[in-house]
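# Descriptive analysis of the structure
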2 protein chains.
Amino acid sequence: MTSLLLRSAPLGARAVRAATHQPQLFRSAYATLSAASPYFNNEPSKPSVTTPIPGPVSKKAIDELNDVFDTRSLNMICDYNKSVGNYLVDLDGNMLLDVYAQIASIPVGYNNPHLHATVSSPESINFIVNRPALGNFPPGNWASILKSGILAVAPKGLNQVFTGMAGSDAIETSYKAAFMYRRRIERGEGVEFTAQEIESAMKNQSPGSPDLAIMSFKKAFHGRLFGSLSTTRSKPIHKLDIPAFDWPQASFPVLKYPLEDNVQANMEEEGRCLAEVEDIIISWHCPIAAVVIEPIQSEGGDNHASPIFFKALREITKRHGVLFIIDEVQTGVGATGKFWAHDHWELDSPPDMVTFSKKAQTAGYYFGNPLLRPNLPYRQFNTWMGDPMRAILFRGIIEEIQRLDLVKNTAETGAYLYSSLKDLASKYPGKIQNLRGKDRGTFIAWDTPDRDLFLKKMKTVGINIGGSGESAVRLRPMLVFQKHHANILLERIEQALKG
Amino acid sequence: MTSLLLRSAPLGARAVRAATHQPQLFRSAYATLSAASPYFNNEPSKPSVTTPIPGPVSKKAIDELNDVFDTRSLNMICDYNKSVGNYLVDLDGNMLLDVYAQIASIPVGYNNPHLHATVSSPESINFIVNRPALGNFPPGNWASILKSGILAVAPKGLNQVFTGMAGSDAIETSYKAAFMYRRRIERGEGVEFTAQEIESAMKNQSPGSPDLAIMSFKKAFHGRLFGSLSTTRSKPIHKLDIPAFDWPQASFPVLKYPLEDNVQANMEEEGRCLAEVEDIIISWHCPIAAVVIEPIQSEGGDNHASPIFFKALREITKRHGVLFIIDEVQTGVGATGKFWAHDHWELDSPPDMVTFSKKAQTAGYYFGNPLLRPNLPYRQFNTWMGDPMRAILFRGIIEEIQRLDLVKNTAETGAYLYSSLKDLASKYPGKIQNLRGKDRGTFIAWDTPDRDLFLKKMKTVGINIGGSGESAVRLRPMLVFQKHHANILLERIEQALKG
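Here's a quick rundown of the structure. This one's a predicted model, so the numbers in the text were calculated from it and none came from an experiment. (Residues numbered from 1 in each chain as written. Chains lettered and ligands numbered in written order. Predicted model: local features only at pLDDT ≥ 70, side-chain atom pairs only at ≥ 80, totals over all residues. Heavy atoms only, no water.)

## Some points on the overall build of chain A
Within chain A one finds 17 helices and 14 strands. Here chain A has a C-alpha radius of gyration of 23 Å; the compact-globule value for 499 residues is 23 Å, and the two agree. Along the first, second and third principal axes, the C-alpha atoms of chain A reach 70 × 55 × 50 Å. Across the 499 residues of chain A, 65% fall into the buried class. Counting only contacts in chain A whose residues sit at least 6 apart along the sequence, the fraction spanning at least 24 positions is 73%. (Helix = DSSP H or I, 4+ residues; strand = E, 2+ residues; numbered from the N terminus. Rg over C-alpha atoms; globule rule 2.2 N^0.38 Å. Buried < 20%, exposed > 50% of the residue type's maximum accessible area, 1.4 Å probe, protein only. Contact = heavy atoms within 4.5 Å.)

Printed below as a string of structure tokens:
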């Protein structure tokens, strides 16, 4: 690994403390530092691009990789030893400011020393070497790992977590929990399965495999396995040729920007969508067990709706006995300037489940409540049942977020970035359209003509940046993205727009 | 970690070599060692049970865990620092010989020093701290990791691997590959999607979301997500209340034991099942894109069929243009005395895909061929696309298997164990019935009355052992299970049968 210095303490002392796990000590030692000083002292002062991307070294490596791995979706081939903080380095030594962060996944910077110490600890290494089947043979400290990590950041009103492996997995197990819950309510508490249910389930037929549905929204993305893909409605390329369940989609509000000039029209649009939701719940050919929704539709184009919309949706689902699942796979863990994006809504009653994954790093989780535990064991079960090393890593991520107050940083940097982009949009009105993400941290996006060309051009000026939907540029920087990074980003966007 | 000594070299030298990755050096230095000497010098000489299981310390920890994690499927709560080789230690210090191995997952022993060195290496740690989205931003050495690891053990005839996260994931992505391939053939090479396909896919309707099926077998287990669960037919509790696709199941042969006394009846039974397969392919309401089968049905009760059956099944699928997927999630990586269980069949033409997971340790893979790459990028894609650290770990597992010649060890230990169990079955004919797994390494099982009681009794005599199906005891020791362990196991089985 590159030798790294995070501000203040030397790595040695940090590593020792992290290995012995004393987050309190961490926090008290660092909490008073000003947010304006850089988190990473060893980041470059600006991007550096010395070859076309991909350059000659990268091209050769991509050719070699293509023999064994589909490289048609490859964006950059990277050197993760040299990458640091907000900077991603490719095989030709180009050093880009990264506001895409492995599709919104890297939480606290490349080669973060605290995470390095966390995963190098004997506790973490032991769980890789001795992989427990957690449902059957959990380690003695599993409760403590969950309580001091994942559950310490549980959304308000939820105190249980199901530990899985990835976003799709988290989503699909939450759907399974919803179906089992629905049938339990319909059947009546304590009522046994009938012989007909048992027999028909083995044939994939009703009533054992019941005709029940999950409702999602147009443009939603919830994953790519068979159940999750049946609720994904982002792009045809994600869905073509794959059998799907006959489940319904409601319209997601298509808001007009700027919001302040379109208040009435947007309110009507949200009302129309809510009416559609209620219509579908009442009239669909089978019962709807749950409604699933992203706080901000991410893959589908960074589509927003108002807190009023989400509060009304919660109210409708509650009234009809339909579970309400919030998919925070991409929005969760600080990026919107609150720990959970749905914290912005101030719901009167909590959601039934919240899924998340990306910034939890190769893991997938859903939060729930005790009612969602199935009536019998082995109904929500698999060999791994999550990954203890990844749970320890996520605890380390939470510690780093708390130590550096990174949710606040993201809220503040985001506010600065949004208002600067608004100014830029006034200067280049045709090129930055429908700017969105006000008061949503750095979770900012806009539409631009020739989007894919713009993304490519941004690489030449040293920025790794992503798109979503048909025409959106989406910002997904890490939580360690600061004002001085924002200034570089703004300068390079203007350079690309001019060029 | 417990201080460990594997036979021969000190850990320091080993760690250095592992970190610099020189498997050839490893092999030449150790290959001449006799198989009879123990692989782990620091294993106990025998099990030790000093409290009931769970004992007082375990009980307290289980109570605490139950607040946040469903403990109704808990078997033992473990201390993975003290576990070593074939021995699993619980929180009360009970030390059990483990022939269940985290549901058939631990490959080369608890706290294996080579795996410890492998995952502690800078290369491995770097990939945990800097989690790449592999499809977009692979590291420069991804081709080399795949080629020197996973692909070095690719089944005959397959040279591509899709890297996933878990068994269900591997299975579901292999089904997606089968569906995309099927439609590509039906549509004709190079033919574009129609407007109707694109529009209907977004509504989960045909022809975009086509009516196509995967055929599986009665008692099969292929996972628990929505697509994989639709092919799982092991037990009602796995399937009840979960919507499923209307996909078919064929009968899996129900063989009579001992095989040598039932040759004619078993041949007829296999013929009946094959005829059923062909009938379903011809008459099912929609086309069958693939047939999926386990070489030995594991969760479903350790059900075997003959190589002749599997060769005929391959021939039938080929004749009808149906893909043939072998699910080696549990059988793969040495446990049957060959690296892949289907190597025992000597197929005339290779399968189309082979899935595996467990001994690959928190990862899921399917092997395939270049024809199974979809026609366009982003069709078989997700954020993680596997896990580079886990790929490095699996390479370390392969190195350890080769260094100690563990597939050969498992074949030899298995043969000894099987013949000894046969003798025991003659002595206790009512208690060891339908012994199966001859010439299948240590992948051995038998039926017993009061199976669950027997499994519990085995704990009291120091053996951690599992069941499958309704009445089977299944052996799933690690690849480092040796003759001296087998002798302890045999002695304790007899003790439990007598008691």
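Right, picking up where we left off after that structure.
## Considering the pairing of strand β9 (residues 364-368) of chain B
With five of five residues buried, β9(B) lies mostly within the body of the structure. Burial along β9(B) is two-sided: the residues G364(B), Y366(B) and G368(B) and Y365(B) and F367(B) are all buried.

## Quick notes on the environment of V84(A)
Among the secondary structure elements, V84(A) is positioned in the loop between α3 (56-66) and β1 (87-89). Residues V84(A) and I282(A), 198 residues apart in the sequence, show an inter-C-alpha distance of 52 Å.

## Focus on the sheet that holds β1(A)
Residue and element names in this part refer to chain A. Overall, mixed pairing links the three strands, which are arranged β1-β2-β12 in an open sheet. Looking at the sheet topology across the chains shown, the edges are occupied by β1 and β12 (463-464). Both β1 and strand β2 (residues 95-98) contribute to a ladder of three bridges, which runs antiparallel. Paired with Y87 across the two strands is L97, which belongs to β2. (Pairing = 2+ DSSP bridges.)

## A short note on the layout of surface pockets
All names here are of chain A. Taken as a whole, the second largest pocket holds about 750 Å³ of empty space. Looking at the second largest pocket, it is lined by 31 residues, and the ones nearest its centre are L255, Y257, P258, L259 and E260. Looking at side-chain class alone, the lining of the second largest pocket contains 15 nonpolar, nine polar and seven charged residues. (1 Å grid on protein atoms, 1.4 Å probe; cavity = no way out; pocket = protein on both sides within 12 Å on 5 of 7 lines; lining within 4 Å. Points joined across faces, edges and corners; volume = space filled by probe spheres on them. Nonpolar A, V, L, I, M, F, W, Y, C, P; charged D, E, K, R; others polar.)

## Examining the pattern of salt bridges
Residue and element names in this part refer to chain B. Taken as a whole and assessed by the stated rule, the structure comprises 58 salt bridges over all chains. R183 is the salt-bridge partner of E197, the closest N and O atoms lying 2.6 Å from each other. Within this pair, whereas E197 is found in helix α9 (residues 195-201), its partner R183 is found in helix α8 (residues 167-187), the two being separated by 14 residues in sequence. Residue E197 shares its accessibility class with R183, and that shared class is buried. Put simply, E491 and R492 hold a salt bridge, and the shortest N to O gap is 3.1 Å. (Salt bridge = Lys/Arg side-chain N within 4 Å of Asp/Glu carboxyl O.)

## Description of the relation of the copies chain B and chain A
With an axial shift of 0.0 Å and an RMSD of 0.0 Å, the rotation relating chain B to chain A amounts to 180°. This pairing of chains is accounted for by a two-fold axis. Minimal C-alpha distance to the rotation axis in chain B is attained by F226(B), lying at 2.8 Å. When the interface residues of chain B are mapped onto chain A, 100% of them again lie at the interface, so the same face is used by both copies. (Least-squares fit on C-alpha atoms with pLDDT ≥ 70 in both.)

## Looking at the packing of helix α6 (residues 122-129) of chain A against helix α14 (residues 388-403) of chain A
Residue and element names in this part refer to chain A. Between α6 and α14, the least distance of the axes is 8 Å, while the angle of their chain directions is 155°. As far as their axial angle goes, α14 and α6 are roughly antiparallel. Crossing geometry of α6 relative to α14 is assigned as left-handed. Across the interface between the two elements, E123, S124, F127 and I128 from α6 touch P388, M389, I392 and R395 from α14. (Axes fitted to C-alpha atoms, helices over the stretch in contact; angles between N-to-C directions. Parallel < 35°, antiparallel > 145°, perpendicular 65-115°, else oblique. Left-handed = near helix turned anticlockwise from the far one by under 90°.)

## Some remarks on the side chain of R233(B)
With respect to the helices and strands, R233(B) occurs in the loop between α10 (226-229) and α11 (236-239). Summary of buried charges: R233(B) has no salt-bridge partner, and the nearest side chain of opposite charge, D246(B), is 7.1 Å away. Residues in contact with R233(B), not counting those within four places in the same chain, are M202(A), K203(A), N204(A), S216(B), F217(B), K218(B), K219(B), A220(B), K239(B), W247(B), P248(B) and Q249(B). (Lys, Arg positive; Asp, Glu negative; His and termini not counted.)

## Things to note about the interface of chain B and chain A
Contact residues are listed per partner, giving 119 residues for chain B and 119 residues for chain A. Both faces considered, chain B and chain A share a buried interface measuring about 10900 Å² in area, 60% of it formed by carbon and sulfur atoms. Linking chain B with chain A are ten salt bridges. One salt bridge in this structure joins D241(A) and R183(B), with 3.9 Å as the shortest N-O distance. Taken together, the connections running from chain B to chain A amount to 70 residue pairs in polar contact (both at pLDDT 80 or more). The dominant element in the side of chain B that touches chain A, judged by the number of residues it contributes, is α8(B), at nine residues. Of the residues in the side of chain B that touches chain A, the class split is 63 nonpolar, 33 polar and 23 charged. (Buried area = accessible area lost by both parts, 1.4 Å probe. Polar contact = N/O pair within 3.5 Å; in protein donor to acceptor, adjacent residues only side chain to side chain.)

## Some points on helix α16 (residues 451-460) of chain B
Residue and element names in this part refer to chain B. Considered for burial, the residues of α16 that qualify are R451, F454, L455, M458 and K459. Down the axis of α16, the sector holding all buried residues measures 150°, keeping them to one side. Turned more than 90 degrees from where α16 packs its buried face, L453, K456 and T460 sit exposed. At its buried positions, α16 is contacted by β2 (95-98), β11 (445-447), β12 (463-464), β13 (466-468), β14 (472-474) and α17 (483-498). Phi turns positive, to about 95°, at G462, one or two residues after α16. (Arc of directions from axis to C-beta.)

## Examining the environment of A289(A)
Residues and elements named next belong to chain A. Assignment of secondary structure puts A289 in strand β6 (residues 288-293). Once the C-alpha coordinates of A289 and P54 are considered, the two residues, 235 residues apart in sequence, prove to be 47 Å apart. For A289, the contacting residues outside a window of four places in its chain are A178, F179, R182, A213, V322 and L323.

## Quick notes on empty space enclosed by the protein
Counted by the stated rule, this structure contains nine cavities of 30 Å³ or more. One number sums up the size of the largest cavity: a volume of about 280 Å³. Along the walls of the largest cavity sit 21 residues, with D70(A), V161(B), F162(B), Y366(B) and R373(B) positioned nearest its centre. Elements that contribute at least two residues to the lining of the largest cavity include exactly β3 (160-164) and β9 of chain B. By residue class, the composition of the lining of the largest cavity is twelve nonpolar, six polar and three charged. In this structure, the second largest cavity occupies an estimated 210 Å³ of space.

## Description of unusual backbone geometry
The peptide bond linking S206(A) to P207(A) adopts the cis configuration, its omega dihedral lying at 5°. Within the fold, P207(A) resides in the loop between α9 (195-201) and β4 (213-217). The backbone of A101(A) sits at a positive phi, close to 55°, despite the residue not being glycine. In this structure, A101(A) sits in helix α4 (residues 101-104). A positive phi angle is found at D439(B), which is not glycine, with a value near 60°. Along the chain, D439(B) falls in the loop between β10 (433-436) and β11.

## Digging into the sheet that holds strand β8 (residues 353-356) of chain A
Residues and elements named next belong to chain A. An order of β3-β9-β8-β7-β6-β4-β5 is seen for the seven strands of this open sheet, with the pairing classed as mixed. The strands lining the two open edges of the sheet, one partner per strand, are β3 (160-164) and β5 (249-250). Relative to β5, β4 runs parallel, the two being bridged by two bridges. Residue pairing in the sheet places F217 in a bridge with A250 of β5.

## Considerations on the packing of aromatic side chains
Each aromatic ring pair is specified by the distance between its two centres and by the angle formed by the two planes. If you walk through the whole model with that rule in mind, you get 49 aromatic pairs over all chains. With 5.9 Å between their ring centres and 90° between their planes, W142(A) and F69(B) make a pair best called edge-to-face. In this pair, W142(A) sits in helix α7 (residues 142-148) while F69(B) sits in the loop between α3 (56-66) and β1 (87-89), so the two residues belong to two different chains. Seen in terms of ring centroids, F356(A) and F367(A) are 5.2 Å apart; in terms of plane orientation they differ by 10°. Their pairing is stacked. Here F356(A), found in strand β8, pairs with F367(A), found in strand β9 (residues 364-368); they are eleven residues apart in sequence, far enough to count as distant. Both residues of the pair, F356(A) and F367(A), count as buried. A network of ring pairs unites the aromatic residues Y175(A), F179(A), F226(A), F245(A), W247(A), Y175(B), F179(B), F226(B), F245(B) and W247(B) as a single cluster. When the ring centre of Y416(A) is taken as origin, the NZ or CZ atom of K483(A), which lies over that ring, is 4.8 Å away. (Phe/Tyr/Trp six-rings, centres within 6.5 Å; stacked < 30°, edge-to-face > 60°. Lys NZ or Arg CZ within 6 Å of the ring centre and 35° of its normal.)

## So, the packing of helix α5 (residues 113-120) of chain A against α6(A)
All names here are of chain A. Following both chains from N to C, one finds α5 and α6 inclined at 55°, their axes separated by 4 Å at the closest point. Between α5 and α6, the crossing angle belongs to the class labelled oblique. Counted together, T118, V119 and S120 of α5 and P122, S124 and I125 of α6 form the full contact between these two elements. Among the residues making up the contact of α5 with α6, the classes are represented as three nonpolar, three polar and no charged.

As far as function goes, none of this settles anything; it's purely spatial.
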